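Listed below are the residues making up each chain.
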Amino acid sequence: MANREIESTALRTRMVGGLRAADDGSEQALAGWVHRRRNLGGLLFVDLRDRSGVVQVSFGPDWTEAGSLELAQQIGHEDVILVHGVVAARPEGARNEDMATGEVEIRARSLRILSDARTPEIPVYRAPEDELPAEELRLQHRVLDLRRRELQQNLVLRHRLVLETRNYMDRHGFIEIETPILTKATPEGARDYLVPSRVHKGEFYALPQSPQIYKQILMVSGFDRYFQIARCFRDEDLRADRQPEFTQIDVEASFVEVEDILGWMQGLVASLADVAGIDAPLPFPRMTWYEAMDRYGSDRPDLRFELEIRDWTDATAEVDFGIIRTQVAAGGRVRGLLLSDGARLSRRQIEELEGVAKAAGAPGLLWAKRADDGTSGPLGKFLSPGQADAMGLRVGDLALVAAGSDTLTSPTLAAVRDAAARVMELPRVREHAWLWVTDFPVFIEEDGVLAAGHHPFVMPHADDLELLETDPARVRGTAYDLVYNGTEFGSGSIRIHDPELQRRVLRVLGLDDAEIDQKFGFLLAALAAGAPPHGGIALGMDRIVQRFTGSSSLRDVVAFPKTTAARALFEGAPTPVGPQELEALGLTLRTGKVNEGEQGA
C-alpha cells in the first residue's frame, strides 16, 4: 500500500510496509501485532506486523519513556500494540535486506498494549528453515494461520483478480446480476446440497451447483451480457483442488458464437495474468477434444513439455505377444510414449510408472528398452530390430506401452505422461502453457448409460444433429474448456435455445416427457418465449488464484476452507441439530444417535 491517506486511521498514521529511508526523521504512530521480539539486555527489538508488512521497532532508555520501556518487557508474541516513535535509518551493517523495510527502524517513544494474546497454538513467525505445522492443526487455528504472510498475499491477489474481473467485464458491456442461492434441484453432474424449508415442510431448496439455468433465462429476458462472481456448491468427494463451496466467474452473452466467448475470455484471463505477473500471449492455441485425447490422452494436457502419445498398432502388428494380439483383435489400439534417453531409468523408476498406470485403471504397463545388444523388458524381448525401428525406438530409448480401448489407454497414458515428465525431469519448452480445447462430445457413456459431457444444455454441432437419436456418442458439441499448465480453468458452451431441440437432448439422456417437464419445465417455457442464440462459460476463481500463486492446495487461497472430509475445523461445522430444530423443519432422523449426542452435549 502506498496511499498514506487511505492507510491512516484514528489510531495510526500509516501502515508499516511502506516505510523507507526517505521517511527518516518522521514521526509515526503504528499499530499491529508483535511478530517477533529480541531482548538484548538494555535494548528490546520488536518486529511489528500488519497486513502491509513488518518493520523493526526498537525500545531503549535513551529514547523510550520509562513506563513504556517497562511495559515493552511484558509484551508477548501476537499481542496487539500501538507505538509512537520516530523513523530512523539503520546503520549500514545493521540493515536487513530480507525485509522491504530493512533500511529503517522505529525508535519507540511510547507504547500502548491494545490487546493481550494468549500463547499462540501455532507459530506465526517462522525462520526460513522452519517447517509449517500440520495442515489439520493450522485449519483448527485458522485465525493464526491467516496471519501468515503467504496466505495474506494469496488473498490480496485474489481481491485484485476479482476487482480486475469486474472492471474488465464492465468495459466490455457486461452487467453483474445476482442469481438465487436457494433454488431448485437440477441434475448437473454432482449431488446437490439440500436445504429443508420450514414454511413448506417436506420440501427442499437446493444450493446451486452453478447459475446455469438462471443465466440462460436472463438471456431470454433480454439482458444480453451477464456476469457474476458466483458462489456455487457441490456435495461431492473433495480433493486438493476441490471444495464443497467455490467461487466462479460466471459469464453469459446473447447473439454470439464460439469466437465471441473465446475472444472475451482469453482477453479477461490475459488481464488477470498480467495482474499476477504471469505470461499469457494472445491468442491462445486451440485443439479439438478428439485431437487432445489422441495426442495426450487428456482433455486438459500440460503443454509445458513436449511428449505425445504414439500409435504403434501397425508397428506391432506382427509382434508375437498375446496381450497385444488380444487387445487389437477386440478393436483396441497399441499406444505409448517414447522417452528419448529413457533407458537410463532404473527398474525402480519404471515400477513407479507401472504403479501410476495401475492407479489410472490399467492392469499394467508394457515397456521396452533398447541397447546396443538389442531390446529388453516385458515387451522388448518380443521385438525384432525391425519392429523396434518401426516404433522409432533407438539405442538408449524407452517405450512405455498400453494396449486396449482408448477409454482405457488414454487416461492411463495421460497419467504416465505426467509422471514420466517428472521422473525424467523433461525440459519445459514454455513456463505458461495456455490452450483452448474445443468440440467436446455432447454425451459420454458411464457404465453403459449416456450422460451429459458438460451439462444437458450444450448446443450440438449442426452437422451432427442427424446422429442425435441414432448415434449420440458421435455428436460433437459447441463446448470448450480453457486449460492452463494441465489444469482446467473453465468450461463453457453455446447453449440450446430451441425448446424442442432441448427436449430431444433430454430424451436421449433417458428422461421421459413428464420428468422433463417436472425438472426443466420452467427453462423450456422460458426458451419458448423467444430465446436468442446465447452461450457462456464459468471460470474457477479459486483454481486461478491457486495456480497463479503456485499454491499446492485450494485451501491456501480460500479464507475458511473445508478439509477433504468436508469439515470446517475452525468453526466446527457441520454440527448435530437438536430435536426442536428438526421438529420445526418437519424432519425426523432414522436413528436417534445424533439427537442423543446433541442432548448429551
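These numbers come from a predicted model, not from an experiment.

Let's talk about the confidence of the model for the chain
Across the chain, the average pLDDT comes to 94, with 97% of residues at 70 or higher. Low confidence marks residues 594-601, where pLDDT is under 50. Its contacts with residues over four positions away, or in another chain, come to twelve contacts.

Observations concerning the packing of helix α10 (residues 347-359) against helix α12 (residues 406-424)
As a packed pair, α10 and α12 sit with axes 8 Å apart at the nearest point and diverge in direction by 150°. In terms of orientation, α10 lies roughly antiparallel with respect to α12. Handedness of the crossing formed by α10 with α12: right-handed. Where α10 abuts α12, its residues Gln349, Glu352, Leu353, Val356 and Ala357 lie against Thr412, Ala415, Val416, Ala419, Ala420, Arg422 and Val423. When grouped by side-chain class, the residues that make up the contact of α10 with α12 number eight nonpolar, two polar and two charged.

Side note on the packing of helix α13 (residues 499-508) against helix α14 (residues 513-528)
For any two helices packed against each other, the geometry comes down to the angle between their axes and how far apart the axes lie. Between α13 and α14, the least distance of the axes is 10 Å, while the angle of their chain directions is 155°. For the element pair α13 / α14, the angle class is roughly antiparallel. The crossing of α13 and α14 is right-handed. In contact with Pro499, Gln502, Arg503, Leu506 and Arg507 of α13, α14 contributes Asp513, Ile516, Asp517, Phe520, Leu524, Leu527 and Ala528. Its residues assigned to classes, the contact of α13 with α14 comprises seven nonpolar, one polar and four charged.

A word on the sheet that holds strand β5 (residues 104-115)
The strands that make up a sheet pair up through hydrogen bonds in the backbone, lying either parallel or antiparallel. A barrel is described by the order of its strands in space; here five strands give the closed sequence β1-β2-β3-β5-β4, paired in mixed fashion. Here the average twist between neighbouring strands, direction ignored, is 55°. Pairing of strand β2 (residues 43-50) with strand β3 (residues 53-59), which is carried by seven bridges, proceeds in the antiparallel orientation. The partner of Phe45 across the bridge, within β3, is Ser58.

A look at unusual backbone geometry
Most of the time, phi is negative for any residue but glycine, and the peptide bond is trans. At the junction of Leu282 and Pro283, the peptide bond is cis and its omega measures out at -5° in the coordinates. Along the chain, Pro283 falls in the loop between α7 (258-276) and β11 (286-288). Cis rather than trans, the peptide bond between Ala573 and Pro574 has omega equal to 0°. Following the sequence through the fold, Pro574 ends up in the loop between α15 (541-549) and α16 (579-585). The backbone phi angle of Asp224 is positive, close to 70°, even though this residue is not glycine. Topologically, Asp224 is positioned in the loop between α6 (212-220) and β9 (225-233).

Some words on the pairing of β9
Most of β9 is tucked away, with seven of its nine residues classed as buried. Taken together, the two bridges between strand β6 (residues 175-176) and β9 define a ladder with parallel strand orientation. Within β9, the residue paired with Ile175 across the bridge is Tyr226. Relative to strand β10 (residues 245-254), β9 is paired through nine bridges, and the arrangement is antiparallel. Looking at β10, one finds that Phe233 is bridged to Glu245.

Some remarks on the environment of Glu7
Tracing the chain through its elements places Glu7 in helix α1 (residues 4-7). Expressed as a C-alpha distance, the spacing of Glu7 and Ser52, which sit 45 residues apart in the sequence, is 9.7 Å.

Observations concerning the sheet that holds β9
Here eight strands make up an open sheet; going across it, the order is β6-β9-β10-β22-β21-β20-β17-β11 and the pairing mixed. In the strand order of this sheet, the two ends are held by β6 and β11, each with one partner. Of the pairings in the sheet, the one linking β10 to strand β22 (residues 534-540) comprises seven bridges and is antiparallel in character. Among the inter-strand pairings, Gln248 is bridged to a residue of β22, identified as Gly540. Packing of α6 onto the sheet brings it into contact with β9, β10 and β22, and relative to β10 it is tilted by some 25°. The sheet contacts of α15 involve β10, β17 (434-438), β20 (479-484), β21 (487-494) and β22, and relative to β21 the element is tilted by about 145°.

Some details on the side chain of Arg333
Looking at the element boundaries, Arg333 is found in strand β13 (residues 333-339). Here Asp406 takes part through its side chain, which lies 2.9 Å from a polar atom of the side chain of Arg333. Here Arg333 is in contact with Asp294, Asp311, Thr313, Ala402, Ala403, Gly404 and Asp406, once residues within four sequence places are set aside.

Quick word on the nonpolar core
Residues Met265, Trp434, Leu539 and Phe548 are the most contacted members of the largest nonpolar core, which totals 62 residues. With nine residues, the top contributor of residues to this core is α7. Each residue touching Phe548, except ones within four places of it in the same chain, is listed here: Leu157, Leu161, Leu272, Ala273, Ala276, Ile278, Trp434, Tyr484 and Phe489.

Quick look at the environment of Ile278
Mapped onto the elements of the fold, Ile278 is located in the loop between α7 and β11. Looking at Ile278, the relative accessible area reads 14%, which means it is buried. With 153 residues separating them in the primary sequence, Ile278 and Glu431 have C-alpha atoms 9.3 Å apart. Ignoring any residue separated from it by four or fewer positions in sequence, one finds Ile278 in contact with Ala273, His432, Trp434, Tyr484 and Phe548.

Remarks on the pattern of salt bridges
Inspection of every chain in the model, using the stated rule, returns 48 salt bridges. Linking Glu121 and Arg118 is a salt bridge whose minimum nitrogen-to-oxygen distance equals 2.7 Å. Classification of Glu121 by relative accessible area gives partly exposed; the value is 36%. A residue is classified by how much of its surface remains accessible, and Arg118, at 62% relative accessible area, is exposed. Residues Asp311 and Arg333 are paired through a salt bridge, measuring 3.0 Å at the closest nitrogen-oxygen approach. Of this pair, Asp311 sits in strand β12 (residues 310-311) while Arg333 sits in strand β13, and the two are 22 residues apart along the sequence. Shared partners join several salt bridges into a network, and the residues in it are Arg126, Arg138, Arg142, Asp145, Arg148 and Glu150.

Digging into a nonpolar patch on the surface
Taken together, the side chains of Val143, Phe560 and Phe570 make up a nonpolar region of the molecular surface, amounting to roughly 270 Å² of accessible area. Examined against the element boundaries, Phe570 turns out to sit in the loop between α15 and α16. Assessed through its relative accessible area of 38%, Phe570 is described here as partly exposed.

Quick notes on the rules
- Residue numbers run consecutively from 1 along every chain, following the written order of its sequence.
- For a predicted model such as this one, the threshold for reporting local features is a pLDDT of at least 70, and the threshold for listing and counting side-chain atom pairs is 80 or more; totals across whole chains, interfaces and linings nevertheless cover every residue.
- Processing note: side-chain calculations cover all non-hydrogen atoms of the structure and skip hydrogens and water entirely.
- Confidence scores labelled pLDDT are given residue by residue by the predictor and lie between 0 and 100.
- The criterion used for residue contact is that any of the two residues' heavy atoms lie within 4.5 Å.
- For helices, the fitted axis covers only the stretch in contact; all axes are lines through C-alpha atoms, and the angles between them, taken along N-to-C directions, range from 0 to 180 degrees.
- The numbering of helices and of strands both runs from the N terminus, where a helix is a DSSP run of H or I of at least 4 residues and a strand a run of E of at least 2.
- What sets the label is the angle itself: under 35 degrees gives roughly parallel, over 145 gives roughly antiparallel, 65 to 115 gives roughly perpendicular, and the rest give oblique.
- Put simply, a crossing is left-handed when the front helix is turned counterclockwise from the back one by less than a right angle, and right-handed when it is turned clockwise.
- Three classes are used, and their members are as follows: Ala, Val, Leu, Ile, Met, Phe, Trp, Tyr, Cys and Pro are nonpolar, Asp, Glu, Lys and Arg are charged, and the others, Gly among them, are polar.
- Each pair of strands is called paired provided DSSP finds at least two bridges between the two strands.
- A simple rule labels every residue: compare its accessible area, found with a 1.4 Å probe on the protein chains alone, to the largest value its type can have, and call it buried under 20%, exposed over 50%, or partly exposed in between.
- By the criterion applied in these results, polar contacts are pairs of N or O atoms within 3.5 Å in which, for protein atoms, one can donate a hydrogen and the other can accept it, and in which residues neighboring in sequence qualify only through two side-chain atoms.
- The nonpolar core is taken to be a set of buried Ala, Val, Leu, Ile, Met, Phe, Trp, Tyr and Cys residues, with the residues joined through side-chain atoms within 4.5 Å.
- For this analysis, a salt bridge means a side-chain nitrogen from Lys or Arg found within 4 Å of a carboxyl oxygen belonging to Asp or Glu.
- Patch definition: residues above 30% relative accessible area lacking any salt bridge, with like charges linked at up to 9 Å and the nonpolar side chains Val, Leu, Ile, Met, Phe, Trp and Tyr linked at up to 5 Å.
- Note on areas: Shrake-Rupley, 1.4 Å probe, and residue coverage restricted to the protein chains presented here.

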